[in-house]
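Examination of the molecular architecture
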Amino acid sequence: MWITFRHFMQTYVDDVRYGFRKYAPDMNNFEVRQGVDAQGAFTVQYPDEKLAMPERFRFVPFLVVEDYDHEERPGKDWCTSCGICAKVCPPQCIWIVRSNDPETGRPVPEPEAFFIDIDICMNCGFCAEFCPFDAIKMDHDYELASYDRTTNHIFDKEKLSKEFRYWKTIAPTRAIEEAEARGGWEHKDAQKAARRGGSARTSRTNQDTGRAEKREAVASREAVAEAPASATSAEDEKAKRREAALQRKAARAAKTETAESAPSEAEGQQPWNDSEDEKAKRREAALRRKAARAAKRADDSE
Ligand code: SF4
Ligand code: SF4
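Residues numbered from 1 in each chain as written. Chains lettered and ligands numbered in written order. Predicted model: local features only at pLDDT ≥ 70, side-chain atom pairs only at ≥ 80, totals over all residues. Heavy atoms only, no water.

Side note on the overall build of the protein chain
- For the protein chain, the helix and strand inventory stands at 11 helices and 6 strands.
- Counting across all 302 residues of the protein chain, residues that qualify as buried make up 27%.
- Look at the contacts in the protein chain between residues 6 or more apart in sequence, and 59% of them connect residues 24 or more apart.
- By element, 55% of the accessible surface of the protein chain is carried by carbon and sulfur atoms, the whole surface being about 20,800 Å². (Helix = DSSP H or I, 4+ residues; strand = E, 2+ residues; numbered from the N terminus. Buried < 20%, exposed > 50% of the residue type's maximum accessible area, 1.4 Å probe, protein only. Contact = heavy atoms within 4.5 Å. Areas by Shrake-Rupley, 256 points an atom, 1.4 Å probe, with all protein chains shown as cover.)

Thoughts on the confidence of the model for the protein chain
- When pLDDT is averaged across the protein chain, the result is 78; 72% of the residues are at 70 or more.
- Taken together, the stretch residues 199–214 has pLDDT below 50 and engages in 12 contacts with residues farther than four places along the chain or on a different chain.
- Scored below 50 in pLDDT, residues 223–232 shows 4 contacts in the model against residues more than four places distant or in partner chains. (pLDDT = per-residue confidence, 0-100.)

Let's talk about the pairing of strand β3 (residues 107–117)
- Inspection of the sheet shows strand β2 (residues 94–100) paired to β3 by 7 bridges, in the antiparallel sense. Among the inter-strand pairings, serine 99 is bridged to a residue of β3, identified as valine 108.
- Between β2 and β3, which pair antiparallel in sequence order, lie 6 residues; one of them, glycine 105, sits at a positive phi of approximately 80 degrees. (Pairing = 2+ DSSP bridges.)

As for the site of ligand 1
- Lining the immediate surroundings of ligand 1 are Cys79, Thr80, Ser81, Cys82, Gly83, Ile84, Cys85, Ile96, Cys131, Pro132, Phe133 and Ile136.
- When the residues that make up the shell around ligand 1 are grouped by side-chain class, the tally is 9 nonpolar, 3 polar and no charged. (Near = heavy atom within 4 Å. Nonpolar A, V, L, I, M, F, W, Y, C, P; charged D, E, K, R; others polar.)

A few points about the side chain of threonine 80
- Tracing the sequence through the fold places threonine 80 in the loop between β1 (59–65) and α3 (84–88).
- Setting aside residues up to four positions removed in sequence, threonine 80 forms contacts with Arg98, Pro109, Glu110, Phe133, His187 and Asp189.

What about the sheet that holds strand β5 (residues 154–155)?
- If you trace the 3 strands from one edge of the open sheet to the other, you get β2-β3-β5, paired in antiparallel fashion. Where the open sheet ends on each side, the last strands, each with one partner, are β2 and β5.

A word on the pairing of β1
- Buried residues dominate β1, accounting for 6 of its 7 residues.
- Pairing of β1 with strand β4 (residues 136–139) involves 4 bridges; the strand directions are antiparallel. The partner of phenylalanine 62 across the bridge, within β4, is lysine 137.
- In this sheet, strand β6 (residues 161–163) lies alongside β1 in parallel orientation, the contact comprising 3 bridges. Within β6, the position partnered with leucine 63 by the bridge is serine 161.

Here is the structure:
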């Protein structure tokens, strides 16, 4: 009661302080009335005046698509139609149709159709929280009223899609946090594709190296097998075989050490304290090991 009364009185105090400037129709005085120093009871003359939305404000979701002027993926959906948002949506107002490759009939990771019934959506934000690809975000556009609620309020993919730069505009801080967590501004798939490009090259290099090592090992076995028949005693032959086996073992150990050098450097450290460089090194080493394993499998199957 006292607070209400105080606000009421402050309204008159403010009127005197600003000399009624804040109500002058020909002045842009909205900031004066809504500024941090403004006091008293006041209202906003909506729809002529609108309050700025805080970054965490959430209204009906929208789908993030790549900027239309993106060099490689203009307008590409960030959504992979994994269906997680539809599963977690409490009132079940999301409907997704997954794309299929017209030639092979195999599923393609992008939605052919995406619908949200905005009359049922309760703006909880679960879909945006759970999406693993940052592909669905809560919007700030709350002016969605219309007379036709039958079709106008079932938003399709076209209506839902907005450029990534729009998200950066309405929620700059969150966009930066998410990009940091993702490892870059690009969509996860684009980052993966870039890494795969690098790993394919690595794989070829490893494949070549692996083949060379295999050839050396075969040559060494053949050399042992073709040991001079003039070997006088069985003991000499055994010693040679032992030496060759030791050489092969040392070569294998050296190879393993090279492949695993990055993790051994990080030994004793807490992985969550690692710098970005160290994480990148570990990722590269893991990719190299994976490529080497793939090359070995390919060689074995030949
Ligand atoms: S918006 Fe996100 S969670 Fe929903 S289907 Fe697309 S990728 Fe999956
Ligand atoms: S905001 Fe909540 S209710 Fe609306 S679509 Fe997302 S999960 Fe469903």
